[in-house]
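As a plain string of letters, each chain reads:
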Amino acid sequence: MKKKLLSLLLVSAMAVSVAACGNEPSGNESSVADSSTESTAEQQSSEGTESTAENPENSEANSGEEEQGPTTTIAEAIADMDYDSASAYLYDMNLGEFWELYQEALAEENVSVKYAKEAIAEAKLMESAVMLPTRSRGGNYAISNIATRSMNTTLWGNDSDRLYSAIIVEEPILASDQDALKAIWGESIGTGTYQEKAKAYLTEHGYTLKDTYNYGAYTSDAETWDVLATSKQADSEKIIHTYDGLLEYDCENVQQPALAESYEVSEDGLTWTFHIREGVKWVDSQGREIADVCADDWVAGMQHMMDAMGGLEYLVGADGAHIVNADAYINGEITDFSEVGVTAADEHTLVYTLDTPAPYFDTMLGYGCFAPMSRTYYESQGGKFGAEYDPSAASYVYGTDPDHIAYCGPYLVTNFTAASTIVYQANESYWNTDKVNIKTLTWKFNDGNDALKQYNGFMAKELDGCGLNASALVQAKEDGMFDDYHFVSATDATSFMGFFNINRGFANPNAQIERTGFANFNDDTAVVSAQSEEDAARTKEAMNNVHFRRAFCFAVDRGAYNAQSVGEDLKYNSVRNSYVPGSFITLAEDVTVDINGTSKTYPAGTFYGEIMQDQIDADGFPVKVWDADELSGDGFDGWYNPDNAAAELNTAIEELAVLGITIDEQNPIYIDLPYPSNNEQYTNAANVVKQSVESALGGKVIVNLTECVDFDQWYGAGYDTTYGYEANYDMYDVSGWGPDYGDPQTYLNTFAPEYAGYMIKCLGIY
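Residue numbers run consecutively from 1 along every chain, following the written order of its sequence. It should be noted that, the model being predicted, local features are given only for residues of pLDDT at least 70 and side-chain atom pairs only at 80 or more, the latter also being counted only at that level, while totals for whole chains, interfaces and linings use all residues. For the side-chain quantities, the full set of heavy atoms in the structure was used; hydrogens and water were omitted.

## Considerations on the pattern of salt bridges
Here is step 1 of the chain: We define a salt bridge as a contact between a side-chain nitrogen of Lys or Arg and a carboxyl oxygen of Asp or Glu at a distance within 4 Å. Applying the stated rule across the entire model yields 27 salt bridges.
Here is step 2 of the chain: When the shortest N-O distance is used, the salt bridge between lysine 114 and glutamate 118 registers 2.6 Å. Pair noted here: lysine 114 and glutamate 118 are both in helix α3 (residues 111-128), with a separation of four residues, about one helical turn. For the pair shown, lysine 114 and glutamate 118 are each scored as buried.
Here is step 3 of the chain: Its salt-bridge partner being arginine 162, residue aspartate 159 comes within 3.2 Å of it at the nearest N-O pair. Arginine 162 shares its class with aspartate 159; the two are buried.
Here is step 4 of the chain: Three or more residues joined by partner-sharing salt bridges are found here, namely Asp159, Arg162, Asp244 and Glu248. Helix and strand definitions follow DSSP, with helices as H or I runs of at least four residues and strands as E runs of at least two, each counted in order from the N terminus. For every residue, the accessible area (1.4 Å probe, protein chains only) is compared with the maximum for its type, and the residue is labelled buried under 20%, exposed over 50%, or partly exposed between those bounds.

See below:
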């Protein structure tokens, strides 16, 4: 089961693309505007069965005493296991404590208690060091023609990818005017007046409003135009402009009626009834009317989403929306979709029935799994439902390109040229045309080879915004564009991570291949590891030692790493120190929980990050994930500490010596880190990892920079994989996660075992 992937591509100066939720590739995350405008989406990503395998390396945190290390090698322990059993063993060994505590959190009925216990569980996830937080998106210098805060900046869902409300002017906006607009936005929240006030301010100050928006850049074409059959941000951010949802957040971050004019929730929280707007039309890519939007469009869309299994399906079952029988249908336990809790009571009344209250249900409605789909149009394109669903059929063309989808959103795709340009024109049949500021959207491709492409495009008036990467920052200062026009973009809730592969080289369970994971799964001649089998075996043992992973985490200078993308001045701005941002939620009421045997009461308003930090401190783990003075978990490096790195490595060396593994300067552990050699900033960032780790760990760990000649190869090493055994790395810093709704479980669920967690494959398991 999958989910939405975002890649960290082109931290370079991407113009105003929006960050969305889900698993993202790490690419162009430099934002051109502040939180308001969206960061540049680099393209741009349930609960499992708990393993009963022995856990030889649990954290010593609860007792405060360090437990003895493992006495059996990983190779010996999993020698006779199949892939799933080995994955379960390694999961329990490395993440068992997190999973146990997380299950306790999910069992809580009180929402605030649940949040507090989720923070405690995440503390254990951070202490396991299976991944190193690197950064969020944004926090860079930018220059722009886009009025700050003129688009939605909600931290979850897809609505922040919607661009129709953008206010664009012909001229670069002075930094002082961006600040003034931000102040106006702050005063306008919840009033619905910011748009008109911003337009008036810009006009009064000599700016010329326009109705076109040229933005960049996307770094990969959509693999499908069917929003219900994909979990990738690189797809959904392009499709979002073609449809509307039930409810949508506006630019003041207030949820507004969209295709649902109103809704009610039953007293027990189990029945959500939506009244669908009448008179809205589905049209084809030529703008010709093909059907009326009706309640059944959400029933058809939900069934198709579950049939397609594109990675969104887990969000609507027990690990998300709790829709009745959603999991049973997805798992094949029932085949009659009428038993699933989504029904059309009549033509304009849609009803969702839940088996457990989900207070955050409305926050999920902006995500792709709740998109509508015209049943009749889908069937006209060869689409079928249930057991008859077959996307490989010759007659099935739905979603293959922009000409084979139906539209009910603000735009039609009028030009799509692969690896070049996507042009959106205003949909004349759109129900909400008065709210559409932009009549033509032009989105341009960037392969990342030229670090100045975005900046040069902005200066040539070919783009309307530009995040300033390190190279563009220098050029902007030389051109005199920096002092008057630069501003710092806001960060968002996307958390990019460096993942450690704890199961590299396990045989592909679907083929007789014994050494998967040492070349790209989709091209066995690409990104080939230089490690010998002996090297790889030693690395795998080290990767399953928590002290080794911690040593590596403490050794990475994340400030220097981040500086390669945003420049030295802002290198800490977007540094993130946890998976769930510490400020993501606050407690709605006073809560008392247990921290290592001591009861502690947190008052209403306490941030999630404070509770996580208290558990980490109680465990004696020397990491800072929350700054109580700044009320933030970002903007500082709470992990980098060469002394702690050396101490953890010494402990790992002692424990691994018991297993017959010697680690010293003559017998180092080799770590493969893929990087795209066509991109200067990512090449430099990879070299920072290499230099800081090798220096802090005294040459006892060597980082092999494994060359990827372009982003396609870089993605092929990990981002494009489906299963853990395909992962071609020891450490990988391409992927990140953005939230789908307003509960920390939207992050933590991604580390569920048994194929249920979307990001768990990044660890080389499941």
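Having put the structure on the table, let's press on.
## Description of the packing of α3 against helix α16 (residues 608-618)
Here is step 1 of the chain: Viewed as axis vectors pointing N to C, α3 and α16 meet at an angle of 50 degrees, and their least axial separation amounts to 8 Å. What the angle tells us is that α3 and α16 run oblique. For the crossing formed where α3 meets α16, the hand is right-handed. Touching Tyr115, Ala116, Glu118, Ala119, Ile120, Glu122, Ala123, Lys124, Met126 and Glu127 of α3 are Tyr608, Ile611, Met612, Gln615 and Ile616, all from α16. Comment: axis = line fitted to C-alpha atoms, over the contacting stretch for helices; angle = value between 0 and 180 degrees taken between N-to-C directions. Every angle not falling under 35 degrees, over 145, or within 65 to 115 is termed oblique; those three ranges are roughly parallel, roughly antiparallel and roughly perpendicular. By definition, turning the near helix anticlockwise from the far helix through less than a right angle yields a left-handed crossing, and turning it clockwise yields a right-handed one. In this description, contact between two residues means that some pair of their heavy atoms is separated by no more than 4.5 Å.

## Some words on the pairing of strand β15 (residues 349-353)
Two faces belong to every sheet, and in a regular strand the side chains alternate between them.
Here is step 1 of the chain: Most of β15 sits out of view: four of its five residues are buried.
Here is step 2 of the chain: Across four bridges, the pairing between strand β14 (residues 342-346) and β15 is antiparallel. For aspartate 346, the partnering residue across the bridge sits in β15 and is threonine 349.
Here is step 3 of the chain: In textbook terms, the turn of a hairpin is the stretch between consecutive antiparallel strands, and for β14 and β15 this stretch comprises two residues. In this scheme, strands are said to pair when DSSP sees at least two bridges between them.

## Notes on the nonpolar core
Here is step 1 of the chain: The term nonpolar core refers to a set of buried residues drawn from Ala, Val, Leu, Ile, Met, Phe, Trp, Tyr and Cys, joined through side-chain atoms within 4.5 Å. Counting residues in hydrophobic clusters, the biggest one holds 199 residues, and the most contacted among them are Ile323, Tyr352, Phe361, Phe370 and Phe751.
Here is step 2 of the chain: Per-element accounting of this core gives the leading share, 12 residues, to helix α2 (residues 83-106).
Here is step 3 of the chain: Among residues more than four places away in sequence, those in contact with tyrosine 352 are Leu246, Leu270, Thr271, Trp272, Phe274, Trp298, Met302, Ile323, Gly341, Val342, Phe361 and Phe370.

## Digging into the side chain of glutamate 694
Here is step 1 of the chain: Mapped onto the fold, glutamate 694 is located in helix α18 (residues 680-696).
Here is step 2 of the chain: Within the structure, the side chain of glutamate 694 is placed 3.0 Å from the backbone nitrogen of valine 703, a separation counted as a polar contact.
Here is step 3 of the chain: Apart from residues lying up to four places away in sequence, glutamate 694 is in contact with Gly699, Val701, Ile702 and Val703. Nitrogen and oxygen atoms within 3.5 Å of one another constitute a polar contact, given that in protein one can donate a hydrogen and the other can accept it, and given that sequence-neighbouring residues count only through two side-chain atoms.

## Overview of unusual backbone geometry
Here is step 1 of the chain: The omega torsion across glycine 216 and alanine 217 is 5 degrees, close enough to zero to call that bond cis.
Here is step 2 of the chain: Residue position: alanine 217 is located in strand β7 (residues 212-218).
Here is step 3 of the chain: For methionine 309, which is not glycine, the phi dihedral falls at a positive 50 degrees.
Here is step 4 of the chain: Within the secondary structure, methionine 309 sits in the loop between α7 (296-308) and α8 (326-330).
Here is step 5 of the chain: In this structure, asparagine 325 takes a positive phi of about 65 degrees despite not being glycine.
Here is step 6 of the chain: The topology assignment puts asparagine 325 in the loop between α7 and α8.

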